[in-house]
Amino acid sequence: MLQTLILLMLMAGPPEGGLSVGPQGPLLAWLMQTGRMQERIDTNRLDRILRRGEALYLDGGSRSAAALFGSLLLDPSFWELSKTPAHDNLRYDLAGAMIQQGAYGRAREILLELVSRTPPSAFRAPAFRKLTDLTLGSGQYEQSLVALDALPKNLTDDENDEVAYMKGLALAGMGYARQAQETLAHVSRHSRFRAPAYYLMGVLALEQNNSDAATGHFCSIVRQPARAKYTFFVSGNTIEVIDRAWLALARIRHDEGQYAWAIETYQKIVKGSRVEFEARYESAWSLFRANRFAQARTKIEELIDENPRMVDFPAAFLLLGYSLVGNCFFDRAKKVFAGLEDRLASPIEDREMGPGINLPVLPTSIRSAVPPNRLEVSALRAAAHTREAAQRARWLLEQLGRVASGVPQKSRPLPGAQLHDDLLADLSRARSLPQQLADLRFRLGPGNQSKHQQLDRL
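Owing to the predicted nature of the structure, the values given are computational and were not obtained by experimental measurement.

Reading the values: rules and limits
Residues numbered from 1 in each chain as written. Predicted model: local features only at pLDDT ≥ 70, side-chain atom pairs only at ≥ 80, totals over all residues. Heavy atoms only, no water. Helix = DSSP H or I, 4+ residues; strand = E, 2+ residues; numbered from the N terminus. Contact = heavy atoms within 4.5 Å. Areas by Shrake-Rupley, 256 points an atom, 1.4 Å probe, with all protein chains shown as cover. Core = buried A, V, L, I, M, F, W, Y, C linked by side-chain atoms within 4.5 Å. Buried < 20%, exposed > 50% of the residue type's maximum accessible area, 1.4 Å probe, protein only. Salt bridge = Lys/Arg side-chain N within 4 Å of Asp/Glu carboxyl O. Polar contact = N/O pair within 3.5 Å; in protein donor to acceptor, adjacent residues only side chain to side chain.

S.K.: Tell me about the overall build of the protein, and please be specific about residues and values.
M.R.: Helices and strands together make up the secondary structure of the protein, namely 22 helices and 0 strands. The contacts of the protein with a sequence gap of at least 6 include a subset with a gap of at least 24, amounting to 55%. Counting every atom, the protein has about 27,800 Å² of accessible surface; 55% of that belongs to carbon and sulfur.

What follows is the structure, given as structure tokens:
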């Protein structure tokens, strides 16, 4: 009887001066008229559909998953479950799929509704973290922080840590280094962003030419106290942050001229890391600066063989030539520099590198409006680095032309090489002394006691 009354009211339209039933009115009338509202509400059915949608989302079908989750959210047969964990799960999944499709504004609204609900939703904590990930991935700090500031001031400690990290990144991006460091310092050691906060504070300290403070922040990441327990929460990207902290420490030590220490620090980076190739390349320069030319040459040759299309290939070939010059292999170095000059002189004909050497220079207005990311910055600098490498190669060829000759060359003896050989010879003689003494005792025989006593004193 009640359902029939509602159906008649919806079909007749809202009463004069009364409340409108909204755009869902005709839809509800049609659903009730056709009997589609008779299906029993079943949370298990919603859970089964959610699992299918999540599998579709994890397989890369975020667009189809967003359509599925959105249709479920608008399905009147599930409206009675709007305050259940299953329905909150639906909203959370829909927000994740919409983020993948770039619908940041609508996804933020859904997540904020889950965060601000009273009583708290079971998905409040993951929704808050998803909102943080949305903000960091999109760079829309102002929109998210303003919306969070309008919420009641009842954030948990973990949520305050998330907000502090977002504020610190926003301040750093606007150029307020000191305020950013003060804000990032409030990220507690229980937060998933404690290690990234240390790293960012170290970077900001380096930008202020405070290498001591930067070293302290980076060491806070890589230092393992007693019982091999970290002093901060370990999240999915912590290992990468640790590797990047080692890389930063190695660079600081290289710039300070502590090349042996820098080489040792580069070796701390685990094999298979995202920065492993970069660390090996930079360690080759440290080896060269430490006058370990043969080791530097071996390492840079390995890197060139592994990735001949590396971004810094001009500098890599220059280092290869430098290491040959360091060992007085002038003819071989001349070939390396000549090959590099030929390669840089005709970039269009070089199919291996393609036309990417003579990159256009973007106007400042465009670069300020759309800041490039790290990879784009490297690409934009490639042209300048290539021109500089070409000039160095030409200058080195001129210098080598003056000193190189047809005389067969051999490696310059390193300082201390002769002393090393002498010590090995002395050690060999010392090891043979017991046998020589035994031979003398045998020749003297048992009757010559005075001679035996002299040998004992030796």
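S.K.: Explain the nonpolar core to me, using residue names and the numbers behind them.
M.R.: Core analysis: the largest hydrophobic core is formed by 70 residues, its most contacted members being L46, F69, L111, L148, Y165, L184 and F218. A total of 9 residues in this core trace back to one element, the largest contributor, which is helix 13 (residues 238-255). Contact partners of F69, with chain neighbours within four places excluded, come to L50, G53, E54, L90, D93, L94 and A97. Among the nonpolar cores identified, the runner-up in size contains 26 residues, and I304, A316, L324 and V336 belong to it.

S.K.: Which residues make up the pattern of salt bridges, and what are the values?
M.R.: In total, this model carries 14 salt bridges according to the counting rule given. Between E113 and R91 there is a salt bridge, and its shortest N-O distance comes to 3.8 Å. Separated by 22 residues along the polypeptide, E113 in helix 6 (residues 104-116) and R91 in helix 5 (residues 85-100) bring together distant segments of the chain. Between D158 and R129 there is a salt bridge, and its shortest N-O distance comes to 3.3 Å.

S.K.: Report on the environment of D133, specifying residues and quantitative values.
M.R.: Looking at where D133 falls in the secondary structure, it is placed in helix 7 (residues 124-138). A sequence separation of 34 residues divides D133 from I99, and the C-alpha atoms of the two residues are 9.6 Å apart. The contacts of D133, once residues within four sequence positions are left out, are R192 and F193. Engagement of the side chain of D133 in a polar contact is seen with the side chain of R192, the distance being 3.1 Å.

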